[in-house]
Amino acid sequence: MSEEKFLVTGAMGCLGAWVVRNLVREGVETAVFDLSSNKQRLELIMDAAEIAQVSFIYGDITDTEAVKTAVSDHNITHIIHLAALQVPFCKANPPVGAAVNVVGTVNVFEAAKAAGIGQVVYASSVAVYGRKDEYPDRLLPHDAPLHPHTHYGVFKQANEGTARIYWQDDGIASIGLRPYTLYGPGRDQGMTSTPTKAMLAAARGEAYHISYGGYNGFQYNDDVAKIFIQAARTPAEGANVYNLRGSVAHMSEVVAAIEAAEPSAKGRITYEEAPLVLPEGQDDAELRHLLGDIPHTPLADGVARTITHFKQAVADGRLAKTGEESI
Ligand SMILES: NC(=O)c1ccc[n+]([C@@H]2O[C@H](COP(=O)([O-])OP(=O)(O)OC[C@H]3O[C@@H](n4cnc5c(N)ncnc54)[C@H](O)[C@@H]3O)[C@@H](O)[C@H]2O)c1
């Protein structure tokens, strides 16, 4: 066992489960903090012996004392903060979205401060940016002006500001990472989850209509998880925020990758032509400058791996016929 002990908030979620899987497979002590006790995403990608190595702390990220206690009682050395409510949930209930996404992030920094932990890594989002027609560049540089057009994006922007003030006032360094569209096993909720739902449909031999089109950034869960861990181990100065790039691709390329991996899906996976209003992709030069080599699974490989994983999970009963989206 290493000297490291990670706390991952929101670890029952899609990205958190992959972060936990990577840490456990490295032999790193891992504690998770989540409101949910539903281990379905962990069970989708880890075996029972691996899950048994994880310390589970059930609590609400909006509860300052609960977050502080989780950090101080478990000798935490590294924090990866992912707990959040996604775009549709924030739209449906902005006060709760603000409490979880904004107050929750303040609580994580408070807990780090109380425990003397000098660095926090947290998930921001491409949603901090404006519409694509507001920018001259097709791929946004990490310092492009922020102009979010959803509550969720505004909350993520607030978190980037929170991180800046904790560096200014308390010397707590941070690395915020801005994913675009995560895909892969476990991506079952949120506005951009429909490409992965199409991969699941293909694995089940079902038809599926993806809810949007155009060009987007696609990032394989496992790559993003490894990048978050790499960032947590990279000593930072200041409050830094970086774009993630992944694969910038048109939805037709996602569909082609699904058909290549599962030929029986040909003609059965369709997509809405209308693109998201967001920029077509992000430039990650600054992140590469900080971290050096970062994992990048090409889109076709990530899609093929996802479908193979889903097929296995459907066959062995880990994904009920009613759909993992029922989580
Ligand atoms: N999925 C994407 O494409 C994407 C893109 C950009 C940014 N992000 C960000 O990355 C992070 C991880 O995303 P994800 O796709 O894994 O999200 P997810 O919705 O799958 O998981 C979020 C987790 O947070 C937990 N949570 C919610 N409210 C909580 C509360 N009050 N207290 C404690 N835990 C709570 C949920 O139970 C869940 O396990 C989030 O911060 C998200 O905003 C995701």
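Definitions and cut-offs
Residues numbered from 1 in each chain as written. Predicted model: local features only at pLDDT ≥ 70, side-chain atom pairs only at ≥ 80, totals over all residues. Helix = DSSP H or I, 4+ residues; strand = E, 2+ residues; numbered from the N terminus. Rg over C-alpha atoms; globule rule 2.2 N^0.38 Å. Buried ≥ 20, exposed ≤ 12 C-beta atoms within 10 Å, placed from the backbone. Contact = placed C-beta atoms within 7 Å. Near = placed C-beta within 6 Å. Nonpolar A, V, L, I, M, F, W, Y, C, P; charged D, E, K, R; others polar. Pairing = 2+ DSSP bridges. Axes fitted to C-alpha atoms, helices over the stretch in contact; angles between N-to-C directions. pLDDT = per-residue confidence, 0-100. Expected span 1.5 Å × (residues − 1). Arc of directions from axis to C-beta.

A separate point is the overall build of the chain. A count of helices and strands for the chain gives 12 helices and 14 strands. Against the 2.2 N^0.38 benchmark of 20 Å for 327 residues, the chain shows a C-alpha radius of gyration of 19 Å, consistent with a compact globule. Counting only C-alpha atoms and orienting by the principal axes, one finds that the chain spans roughly 55 × 50 × 40 Å. Counting all 327 residues of the chain, 50% fall into the buried class. Within the chain, residue pairs in contact and separated by at least 24 positions form 81% of the contacts whose partners lie at least 6 positions apart.

This brings us to the site of the ligand. Lining the immediate environment of the ligand, one finds 26 residues, of which Gly10, Gly13, Ile61, Ala84 and Ala123 sit closest. Among the elements that make up the shell around the ligand, the one with the highest residue count is helix α1 (residues 14–26) (three residues). Residue classes in the shell around the ligand are distributed as 13 nonpolar, 11 polar and two charged.

Attention shifts here to the sheet that holds strand β2 (residues 29–34). Read from one edge of the open sheet, seven strands run β3-β2-β1-β4-β5-β7-β11, paired in parallel fashion. Pairing within the sheet leaves two strands with one partner each, and these edge strands are β3 (55–58) and β11 (239–243). Averaged over all pairs of adjacent strands, the angle between their axes in this sheet comes to 20 degrees, without regard to strand direction. Bridge count between strand β4 (residues 78–81) and strand β5 (residues 119–123): two bridges; the pairing is parallel. Paired with His81 across the bridge in β5 is Tyr122.

Attention now goes to the confidence of the model for the chain. Do not read the fine detail of predicted coordinates wherever pLDDT is low. Overall, the predicted model of the chain reaches an average pLDDT of 96, with 97% of residues at or above 70. Across residues 322–327, confidence stays below pLDDT 50; counting only partners more than four residues off in sequence or on other chains, it has eight contacts.

Let us look at the pairing of β11. The buried fraction of β11 amounts to five of the five residues, a majority that puts the element mostly inside the structure. Alignment of strand β7 (residues 173–178) against β11, held across five bridges, turns out to be parallel. Bridge assignment links Ser174 to a residue of β11, and that residue is Ala239.

Pairing is mixed across the open sheet formed by three strands, whose spatial order is β8-β10-β12. If you trace the sheet from one side to the other, it starts and ends with β8 (181–183) and β12 (247–250), each paired once. Averaged over all neighbouring strand pairs, the angle between strand axes comes to 45 degrees, with direction disregarded. Here strand β10 (residues 215–220) runs beside β12; their pairing, made up of four bridges, is antiparallel. Across the sheet, Tyr215 pairs through a bridge with His250, a residue of β12.

Once that is clear, we can look at helix α12 (residues 299–315). Counting along an α-helix, one turn takes 3.6 residues, and residues three or four places apart therefore face a common direction. The first and last C-alpha atoms of α12 sit 24 Å apart over 17 residues, in line with the 24 Å expected at 1.5 Å per residue. Every buried residue belonging to α12 is among Leu299, Gly302, Val303, Thr306, Ile307, His309 and Phe310, and all of these are buried. Looking straight down α12, one finds that the buried residues subtend no more than 165 degrees of arc, so they occupy a single side. Buried positions along α12 lie against β8, α8 (194–204), β10, β12 and α10 (251–261).

The next thing to look at is unusual backbone geometry. Positive phi, close to 50 degrees, is recorded for Asn75, a residue that is not glycine. Following the sequence through the fold, Asn75 ends up in the loop between α4 (64–72) and β4. Residue class for Asn75 comes out exposed when judged on the 12 C-beta atoms lying within 10 Å of it.

Looking at the secondary structure, you find Ala48 in helix α3 (residues 48–51). Taking the C-beta count within 10 Å as the criterion, Ala48 has 9 such neighbours and is therefore assigned exposed. Between the C-alpha atoms of Ala48 and Trp18, which are 30 residues apart in sequence, the distance is 15 Å.

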